[in-house]
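Letter by letter, the chains look like this.
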Amino acid sequence: MFCVLACASARGVAAQSSSIPDVGIDQKLNNQIPLDLSFRDESGRVVRLRDYFDGKPVLLTPVYFSCPMLCSQVLNGVNESLSDMRFSVGQEFNVLTVSFDPRDTPQAASEKKAEQIRHYGRAGASDGWHFLTGDETSIKRLMDSVGFRYKFDPDTNQFAHAAGVMVLTPDGKVARYFYGIQYPPRDLRLGLVEASANRIGSPVDQVLLLCYHYDPVTGKYSAVTMSFVRLGGALTLALLGGFIFVMLRRERAKHGGAKGAGVVAAPLEGSD
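Residues numbered from 1 in each chain as written. Predicted model: local features only at pLDDT ≥ 70, side-chain atom pairs only at ≥ 80, totals over all residues. Heavy atoms only, no water.

**Topic: the packing of helix α1 (residues 70-83) against helix α2 (residues 106-120)**
Spelled out, the test is: To get an axis, fit a line to the C-alpha atoms, keeping to the stretch in contact for a helix; angles then go from 0 to 180 degrees between the N-to-C directions. Runs of E in the DSSP output that reach at least two residues are strands. Runs of H or I that reach at least four are helices, and both are numbered from the N terminus. With respect to orientation, any angle under 35 degrees is reported as roughly parallel, any angle over 145 as roughly antiparallel, any angle of 65 to 115 as roughly perpendicular, and every other angle as oblique. Crossing handedness is defined as follows: a turn of the near helix away from the far one that is anticlockwise and smaller than a right angle gives a left-handed crossing, while the clockwise case is right-handed. A contact between two residues is defined here by any heavy atoms of the two lying within 4.5 Å. We call Asp, Glu, Lys and Arg charged. Ala, Val, Leu, Ile, Met, Phe, Trp, Tyr, Cys and Pro are nonpolar, and the rest, Gly among them, are polar.
In the contact formed by α1 and α2, the axes pass within 10 Å of each other and the chain directions differ by 30°. Between α1 and α2, the interaxial angle falls into the category roughly parallel. Here α1 runs over α2; the crossing is right-handed. Taking contact as the criterion, the partners of Ser 72, Leu 75, Asn 76, Asn 79, Glu 80, Leu 82 and Ser 83 in α1 are, on α2, Lys 112, Gln 116, His 119 and Tyr 120. Broken down by class, the residue content of the contact of α1 with α2 amounts to three nonpolar, six polar and two charged.

**Remarks on the nonpolar core**
Spelled out, the test is: Only buried residues count toward a nonpolar core. Its members are Ala, Val, Leu, Ile, Met, Phe, Trp, Tyr and Cys residues joined through side-chain atoms within 4.5 Å. The cut-offs for exposure are 20% and 50% of the maximum accessible area for each residue type, with area from a 1.4 Å probe on protein chains only; residues under the lower value are buried, those over the upper are exposed, and the others partly exposed.
Core analysis: the biggest nonpolar cluster contains 59 residues, and Ile 33, Phe 39, Leu 49, Leu 82, Leu 96 and Trp 129 have the highest contact counts within it. Broken down by element, the residue count for this core peaks at six residues, all from α1. Not counting the four nearest positions on each side in its chain, Phe 39 is found in contact with Arg 45, Val 46, Val 47, Leu 49, Val 98, Leu 132, Thr 133, Gly 134, Ser 138, Ile 139 and Leu 142.

**Brief notes about the confidence of the model for the chain**
The test is simple: As a per-residue measure, pLDDT tells how confident the predictor is, with possible values from 0 to 100.
Averaged over all residues, the pLDDT of the chain is 81; the fraction at 70 or higher stands at 69%. Within the model, the stretch residues 225-231 combines pLDDT values under 50 with two contacts to residues more than four positions away or in other chains.

**With respect to helix α3 (residues 136-146)**
Formally: The arc in question is the one spanned by the directions pointing from the helix axis to the C-beta atoms. We define a polar contact as two N or O atoms separated by no more than 3.5 Å, with the added condition that, inside protein, one atom must be a possible hydrogen donor and the other a possible acceptor, whereas residues neighbouring each other in sequence contribute only through side-chain atom pairs.
If you check which residues of α3 are buried, you get Ser 138, Ile 139, Leu 142, Met 143, Ser 145 and Val 146. Here the buried residues of α3 occupy an arc of 160° about the axis, which is enough to place them on one side. In α3, those exposed residues whose orientation departs by more than 90 degrees from the buried face are Glu 136 and Thr 137. Looking at the buried side of α3, the elements it contacts are β4 (38-40), β6 (58-63), β7 (94-99), β9 (148-153), β11 (164-168) and β12 (174-179). For α3, the N-terminal capping position is held by Asp 135, with its side-chain oxygen 3.2 Å away from the main-chain nitrogen of Thr 137.

**A short note on helix α4 (residues 185-195)**
In terms of burial, α4 is a largely internal element, eight of the eleven residues being buried. Just downstream of α4, Ala 197 is the residue with a positive phi angle, here 60°.

**Some thoughts on the sheet that holds β6**
Using the following cut-off: Strands pair, by our definition, only if DSSP identifies at least two bridges between them.
Pairing is mixed across the open sheet formed by five strands, whose spatial order is β8-β7-β6-β11-β12. Of all strands in the sheet, those with a lone pairing partner are β8 (129-132) and β12, marking the two edges. Geometrically, the sheet is characterised by an average inter-axis angle of 20° between neighbouring strands, direction not taken into account. As paired elements, β11 and β12 share five bridges and run antiparallel to each other.

**Looking at empty space enclosed by the protein**
Spelled out, the test is: The pocket and cavity definitions rest on a 1 Å grid over protein atoms only: a 1.4 Å probe that fits but cannot leave marks a cavity, an open set with protein on both sides within 12 Å along at least five of seven lines marks a pocket, and residues lining either have an atom within 4 Å of a point. Grid points are joined across faces, edges and corners, and a volume is the space filled by probe spheres set on the points.
This structure, assessed with the given rule, holds one cavity of 30 Å³ or more. Every residue lining the largest cavity is listed: Tyr 64, Phe 65, Cys 67, Cys 71, Ser 72, Leu 75 and Lys 112. Per-element accounting of the lining of the largest cavity gives the leading share, three residues, to α1.

**What to know about unusual backbone geometry**
At Asn 30, a position not held by glycine, the phi torsion is positive, near 70°. With respect to the helices and strands, the residue Asn 30 is situated in the loop between β3 (24-25) and β4. Judged by its relative accessible area of 55%, Asn 30 falls in the exposed class. In this structure, Asn 157 is a non-glycine residue whose phi angle is positive, near 60°. Counting through the fold element by element, Asn 157 comes out in the loop between β9 and β10 (158-161). For Asn 157, a relative accessible area of 43% puts it in the partly exposed group.

What follows is the structure in C-alpha cells.
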C-alpha cells in the first residue's frame, strides 16, 4: 500500500503533510479554483468546472478510482457524514469527486458514482454528486489551486497522497479544509453554511457558528468557551455597574427630596 494518511502539522501553512516529499495538503484559503478547466463526467461528456457552481457551495473530494484503500475510506467517510446531515446533496450543496489519476476513465467514474449514490440512498443525489476524470494538465491545475499534493510511484503503480476534502464557495473559492477519513457532520455542515455566506442552514446553525470557531490548523470546529466566559464576565460587570448607578441616583434623589421637604420658610419682618 503506497497511499499515505498524513497527520495535521502544528503550522497551518502545510496543514497536512507526510514523510514523503511532495505529498500533503497546503492550505490555500480563499484561493480561486480555475473554473474554466475541462473534465469528463461519469457519462463521458466534456464539462467545465463552472457547470457545477450554480449558487450552492461545493464539497470537493480528490481521490483516484483504482486506489486500493485510502480513497475508498475518504469517500465512505464523506458518505457517512453526509448521511447524518439534514442537508441533501443536490439541494443545499453539490459534491465534486475528481480523480487525480489521468489514467482513470469515465467508466471507472460511473462505477464509483453508482456505488456511492447507492450507499447514500437519497433521491436526487445523482444530480448533485459528480465524478470527474481529466487529463494531467487540468488535474494538476485544479489540485494545485487547492493545495493538494500527490506523487505517483511507478514501482508500485500507485499514488502517494494525503486524505482530506475541501469546501468551496458558490463562486469557486476555497473556504474550508477537513482532514483524515472521518468528517464530523456538525463540522461539515457549519463549513457549508459559512461557505454559502449563510444562504443555507437554519437559525440554529447561525447560533452554532457563534459558539464554534473553525481552526485552520486542525481543520475542525471547536467551542469558543473562553470567549463566552469573557463575554459573560463583561456583561455581568456592565449589568452590575448599571444597577449600582441606578441605585445611587435613586438614593440621591430620595435624600434630596427629604431635605427639601424639611426646610421651613422664615416669616417676613413686620408680618402678623
